[in-house]
Amino acid sequence: MALRPQGRRGYAAGAIALAAALTLTACGSESGTDSGTTSATAAGGAQLVQPGKLTVCTNIPYEPFQFKDETGKIVGFDVDIVDLAAKKLGVTQNIVDIDFAVIKSGAAMAAKKCDVAAAGMTITDERKKNIDFSEPYFDATQALLAKKGTGAKSLADVKSKGLKLGGQASTTGLEYVKKNGFPDVTEYADSAKELLALQAGQADVIVQDLPVVLTWLKKPEVAEKFELITSLDTGEQYGIGLKKGADPVLLKTINEEIAKAKQDGTYEKIYVKWFGKKPGELG
């Protein structure tokens with residue numbers, strides 16, 4: 001999952017919407033955490049909201065970072081990265097699907113709905129006011145996906161040709177195009193709705209993280225009618241989010257496992273597994 005100021009994907013509109021979002025439970029066989037749950041101690045002294053589990057907030061679908069496979073299991077690049085820390089702590093990963101605005105605002109972790117957030121989330125100064133971040137684990141780039149035949153090759157072309165532009169709400173991609181001449185870009189709640197809007201002709205072009213666009217284009221029904229017209233190098237990096245004033249043991253474990261994976265080749269294997277290319281080759 002890349003808003004500046006809100007990676008990927010403004011704050012929830014009002015306390016009622018926030019409370020409703022926080023009632024969502026985990027996907028799959030695991031159940032969501034209780035905000036009143038007493039913290040449990042994992043290996044090394046890490047404090048967790050649920051015994052024996054590293055509870056992770058995310059927002060699906062956001063393929064290939066996190067999405068449901070054909071069996072209904074949540075899989076993806078972010079899932080595999082967080083699993084490294086979970087295994088080090090001697091616990092299993094429990095994934096909670098929740099609204100992205102609630103994740104990036106820090107509300108989900110403050111309410112003890114999860115220990116960490118792994119949602120294709122870009123590290124920004126604005127977000128750092130509400131949550132702590134791990135060291136960066138992914139270099140992100142935005143991209144424009146358009147219906148074939150528009151003749152557009154750049155964001156400037158989209159504007160000059162009067163094409164309808166759409167973007168995912170609360171994302172850095174949306175904020176980027178807003179700051180670059182598109183103040184009234186149409187917003188969609190998640191990446192799936194954004195793609196559906198493009199396919200339905202509600203938008204001529206959409207902005208989304210490059211890996212997500214490339215994954216969409218692997219689907220014949222998408223590649224037949226749509227094309228990547230350009231990438232937008234916004235200099236973004238994803239980080240694992242933690243509660244403000246994060247547990248130092250948990251943060252240290254996550255950072256150490258990311259660094260170790262990059263050194264011993266594990267990170268490259270996970271990267272190739274989900275993107276089909278080595279780090280640095282994606283764009």
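What counts, and at which threshold
Residues numbered from 1 in each chain as written. Predicted model: local features only at pLDDT ≥ 70, side-chain atom pairs only at ≥ 80, totals over all residues. Heavy atoms only, no water. Pairing = 2+ DSSP bridges. Helix = DSSP H or I, 4+ residues; strand = E, 2+ residues; numbered from the N terminus. Contact = heavy atoms within 4.5 Å. Axes fitted to C-alpha atoms, helices over the stretch in contact; angles between N-to-C directions. Buried < 20%, exposed > 50% of the residue type's maximum accessible area, 1.4 Å probe, protein only. Polar contact = N/O pair within 3.5 Å; in protein donor to acceptor, adjacent residues only side chain to side chain. Salt bridge = Lys/Arg side-chain N within 4 Å of Asp/Glu carboxyl O. 1 Å grid on protein atoms, 1.4 Å probe; cavity = no way out; pocket = protein on both sides within 12 Å on 5 of 7 lines; lining within 4 Å. Points joined across faces, edges and corners; volume = space filled by probe spheres on them. Nonpolar A, V, L, I, M, F, W, Y, C, P; charged D, E, K, R; others polar. Arc of directions from axis to C-beta.

Trainee: For this particular structure, what's the right way to read the sheet that holds strand β6 (residues 92-97)?
Mentor: Note: strands within a sheet are paired through backbone hydrogen bonds, in either parallel or antiparallel orientation. Taken in spatial order, the 5 strands line up as β6-β3-β7-β14-β8 in an open sheet, and their pairing is mixed. Strands with a single pairing partner mark the edges of an open sheet, and in this sheet they are β6 and β8 (131-133). Bridge analysis of strand β3 (residues 53-58) against β6 gives 6 bridges, and the strand direction is parallel. Among the inter-strand pairings, C57 is bridged to a residue of β6, identified as V96. Running over the sheet, helix α2 (residues 77-89) touches β3 and β6 and is turned about 135° from β6. The sheet strands contacting helix α11 (residues 248-264) are β3, β7 (116-117), β8 and β14 (241-243), and the helix crosses β14 at an angle near 170°.

Trainee: I tried to follow the side chain of D204 on my own but got confused; where do I start?
Mentor: You can see D204 is positioned in the loop between α8 (191-199) and β12 (205-209). A relative accessible area of 9% means that D204 is categorised as buried. A distance of 3.1 Å separates polar atoms of two side chains, one belonging to D204 and the other to K147. A polar atom in the side chain of D204 sits 2.7 Å from the backbone nitrogen of K164. Not counting residues up to four positions away in its chain, the partners in contact with D204 are L145, A146, K147, L163, K164 and L198.

Trainee: How do you make sense of the pattern of salt bridges when you look at a structure like this?
Mentor: If charged atoms from side chains of opposite charge come close, those side chains can pair. Inspection of every chain in the model, using the stated rule, returns 9 salt bridges. Between K129 and E126 there is a salt bridge whose closest N-O contact spans 3.2 Å. K129 gets classed as exposed once you look at its relative accessible area, which sits at 58%. On the basis of relative accessible area, E126 is assigned to the partly exposed category, the value being 24%.

Trainee: What am I meant to see in the layout of surface pockets here?
Mentor: Where empty space is left can be seen by rolling a probe of water-molecule size over the atoms. By volume, the second largest pocket is sized at about 260 Å³. Taken together, 17 residues make up the lining of the second largest pocket; nearest its centre are F138, D139, Y271, P279 and G280. Broken down by secondary-structure element, the contributors of at least two residues to the lining of the second largest pocket are β9 (138-147), α9 (210-216) and α12 (266-275). With 4 residues, β9 is the single largest residue contributor to the lining of the second largest pocket. Tallied by class, the residues present in the lining of the second largest pocket amount to 10 nonpolar, 4 polar and 3 charged.

Trainee: Hey, could you run me through α8 in this one?
Mentor: Every α-helical turn comprises 3.6 residues, leaving residues that sit three or four positions apart pointing alike. By the burial criterion, the buried members of α8 are S191, E194, L195, A197 and L198. When α8 is viewed along its axis, its buried side chains cluster within an angular range of 155° and face the same direction. The residue sitting at the N-terminus of α8 and contributing the capping side-chain oxygen is D190; that oxygen lies 3.2 Å from the backbone nitrogen of A192. Trailing α8 by a residue or two, G201 shows a phi angle of about 80°, which is positive.

Trainee: Mind showing me how you'd approach the environment of V249 here?
Mentor: Within the secondary structure layout, V249 lies in helix α11. V249 gets classed as partly exposed once you look at its relative accessible area, which sits at 26%. Through-space distance from the C-alpha of V249 to that of L89 is 9.9 Å; in sequence the pair is 160 residues apart. In this structure V249 touches G44, G45 and A46, once residues within four positions along its chain are discounted.

Trainee: In this structure, what is going on with unusual backbone geometry? I would like to understand it.
Mentor: Apart from glycine, the bulk of residues carry a negative phi angle, and the bulk of peptide bonds sit in the trans form. In this structure, P61 follows I60 across a cis peptide bond, with omega equal to 0°. As for its placement among the helices and strands, P61 is situated in the loop between β3 and β4 (67-68). Residues E63 and P64 are joined by a peptide bond in cis, for which omega reads 10°. Inspection of the secondary structure puts P64 in the loop between β3 and β4. One non-glycine residue, K112, lies in positive phi territory at about 60°. Following the sequence through the fold, K112 ends up in the loop between α4 (107-110) and β7.

Trainee: Would you mind going over the sheet that holds strand β10 (residues 165-168) with me for this structure?
Mentor: Ordered in space as β11-β10-β12-β9-β13, the 5 strands form an open sheet in which the pairing is mixed. The sheet is open, and its two edges are formed by β11 (186-188) and β13 (226-238), each paired on a single side. Averaged over all neighbouring strand pairs, the angle between strand axes comes to 25°, with direction disregarded. As paired strands, β10 and β12 are joined by 3 bridges and run parallel to one another. Among the inter-strand pairings, G167 is bridged to a residue of β12, identified as V207.

Nothing here speaks to function; it is geometry throughout.
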